[in-house]
2 protein chains.
Amino acid sequence: MSSAQQKPKAKRDTKRLILDICERYLMQWGYNVFSYHHIADELGVKNAAIHYHFRTKSDLAVAVLLRYRARFIRWTQTVEALPPQAQLDAYMRLSLNFVLNQRVGVLVTLGTEYNTLPEPLQEQVKLLQDEIFTWFAALLERGRSSGDFLFNGTAHAMASLIATTMLGSQLLGRVRGIGPFEEVVEQVHLIVGMKRNSP
Amino acid sequence: MSSAQQKPKAKRDTKRLILDICERYLMQWGYNVFSYHHIADELGVKNAAIHYHFRTKSDLAVAVLLRYRARFIRWTQTVEALPPQAQLDAYMRLSLNFVLNQRVGVLVTLGTEYNTLPEPLQEQVKLLQDEIFTWFAALLERGRSSGDFLFNGTAHAMASLIATTMLGSQLLGRVRGIGPFEEVVEQVHLIVGMKRNSP
DNA sequence: CCTCATACTTACCTATTAGTCAGTAAGTTC
DNA sequence: GAACTTACTGACTAATAGGTAAGTATGAGG
């Protein structure tokens, strides 16, 4: 490849690329498996270049999670006008896409590794989990009030059940493929009283 | 010859102890984090002693999973005479005890790490997942036939939903403690129609 | 007593890890 | 054009990883 190492006008946004690659590793492998060398190799730079942008591995992962959470919050805003069923479906479609891309949500990998994570990263995992579970509880509550959902127990409990189900079903999907994952999604529809003959 | 081959001495059953320690690490940390040195230190022996009993790390983990699966099968036999609700409760109590002991089931850690595992270990993860999900489906099927459970959808789908919920709720429990875990367990009771007026 | 198997230890190997530090080329600012 | 900043490279470290080979202490069986 004779690409003349020129550094053209638009400087490569290395920092953002590092975050992207790290995020992908977190979803495919988790925190403990990937290394700075993996990222550096992919970018065609040296190990030390990653340390220049993020002093430690923990700092890098924390930065990924901050961005991840902010993106989730923006996402909830883009769907908040939709009917409750559509919002629930949209969320499940996010998880579906993870599984299709051989990934799982970071809460799956980092939740599993929780005991082995540096403290600042544990903090971020908690914050993200809070964000997602709180959003879920509010959605279930509104959906029941509006008559879109129908279930027993508190909305909070049902939210916890569905949110954990989505975590677990990603593990199932990772091992067994998309079919079993979709079976679970279908059953979630039933337990919240959706699926009223809608095409 | 036909004599009872008694153990000449209560020699330390190192092989079994290695399996025990490895199993604990798998449930606390997963496969990629622990090392032979961790196990050796705990036993007060050298690294190479572990290699003597299990040639590779993969061999060791496979041996743990074989034992784990056999134990699960024995467990299902000990509860098979109980009513369906009691069996479901007993299973959920197993998960509860994991969480109380800062562990999660091996399907949680190894499912998460699945893409990074050596092939023979992936195989064992699949076999264990099969065993557990199949048992769950049979339980739900019997429970519905007998009128103990009440739910919509196929027993297979409901089994997948509950089994994945138990996986996910262990992740929740690991991060947030036992309270949120128990909330999910309670909600599982509701969605299979247990808890009909019973306190 | 000799031989053998068991259950290790000692010593070592190569690869990889996160992280450091000094140096430098290419802008940017004054 | 000097001073400063940005974005790296190259060379290194100490620790740890999984794994191997050769040697050794112990005890059982013949």
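Further up the page is the structure itself.
Every value quoted in this text rests on a predicted model; they were computed, and no experiment measured them.

The rules we used
Residues numbered from 1 in each chain as written. Chains lettered and ligands numbered in written order. Predicted model: local features only at pLDDT ≥ 70, side-chain atom pairs only at ≥ 80, totals over all residues. Heavy atoms only, no water. Helix = DSSP H or I, 4+ residues; strand = E, 2+ residues; numbered from the N terminus. Expected span 1.5 Å × (residues − 1). Buried < 20%, exposed > 50% of the residue type's maximum accessible area, 1.4 Å probe, protein only. Near = heavy atom within 4 Å. Polar contact = N/O pair within 3.5 Å; in protein donor to acceptor, adjacent residues only side chain to side chain. Least-squares fit on C-alpha atoms with pLDDT ≥ 70 in both. Contact = heavy atoms within 4.5 Å. 1 Å grid on protein atoms, 1.4 Å probe; cavity = no way out; pocket = protein on both sides within 12 Å on 5 of 7 lines; lining within 4 Å. Points joined across faces, edges and corners; volume = space filled by probe spheres on them. Nonpolar A, V, L, I, M, F, W, Y, C, P; charged D, E, K, R; others polar. Buried area = accessible area lost by both parts, 1.4 Å probe. Salt bridge = Lys/Arg side-chain N within 4 Å of Asp/Glu carboxyl O.

## Thoughts on helix α8 (residues 155-176) of chain A
All names here are of chain A.
- Its 22 residues give α8 an end-to-end C-alpha distance of 30 Å, which sits within 8% of 32 Å, the value for a rise of 1.5 Å per residue.
- Burial runs high along α8: 20 of the 22 residues are buried.
- One or two steps after α8, the chain reaches Gly-177, where phi turns positive at roughly 90 degrees.

## Side note on the protein's contact with DNA strand D
- Taken together, 20 residues are adjacent to DNA strand D, and Thr-14 and Lys-46 of chain A together with Ser-35, Asn-47 and Lys-57 of chain B come closest.
- Counting only the atoms of DNA strand D that lie within 4 Å of the protein, the sugar and phosphate share comes to 67%.
- Lys-46 of chain A places a main-chain nitrogen or oxygen 2.8 Å from a phosphate oxygen of DNA strand D.
- At 2.9 Å from a phosphate oxygen of DNA strand D is found a main-chain nitrogen or oxygen belonging to Lys-57 of chain B.

## Some details on the relation of the copies chain B and chain A
- Relative to chain A, chain B is turned by 180 degrees and slid 0.0 Å along the rotation axis, the superposed coordinates differing by an RMSD of 0.0 Å. Such a combination of rotation and displacement between the chain copies is what one expects of a two-fold axis.
- Mapped onto chain A, 100% of the interface residues of chain B are again interface residues, and the two copies thus contact each other with one and the same surface.

## Quick look at the layout of surface pockets
All names here are of chain A.
- Estimates place the volume of the second largest pocket at around 410 Å³.
- Together, 22 residues line the second largest pocket, and Met-27, Tyr-68, Arg-71, Leu-94 and Phe-98 are the ones closest to its centre.
- Among the secondary structure elements, those contributing two or more residues to the lining of the second largest pocket are α1 (14-28), α4 (57-79), α5 (84-100), α6 (106-112), α7 (119-145) and α8.
- A per-class count over the lining of the second largest pocket returns 12 nonpolar, 4 polar and 6 charged.

## Let's talk about the interface of chain B and chain A
- Contacts between chain B and chain A engage 42 residues on the former and 42 residues on the latter.
- Of the roughly 3700 Å² buried between chain B and chain A, counting both surfaces, carbon and sulfur atoms make up 62%.
- When the buried area of chain B at its contact with chain A is split by residue, Thr-112, Val-175 and Gln-187 of chain B rank highest and sum to 16% of it.
- At the boundary of chain B and chain A, one finds 2 salt bridges.
- Across the chain B-chain A interface, the total number found is 18 residue pairs in polar contact (both at pLDDT 80 or more).
- At the level of elements, α6 (106-112), α7 (119-145), α8 (155-176) and α9 (178-191) of chain B are the ones that each hand at least two residues to the side of chain B that touches chain A.
- When residues of the side of chain B that touches chain A are assigned to their parent elements, the largest contribution, 15 residues, is made by α8 of chain B.
- Its residues placed into classes, the side of chain B that touches chain A shows 18 nonpolar, 19 polar and 5 charged.

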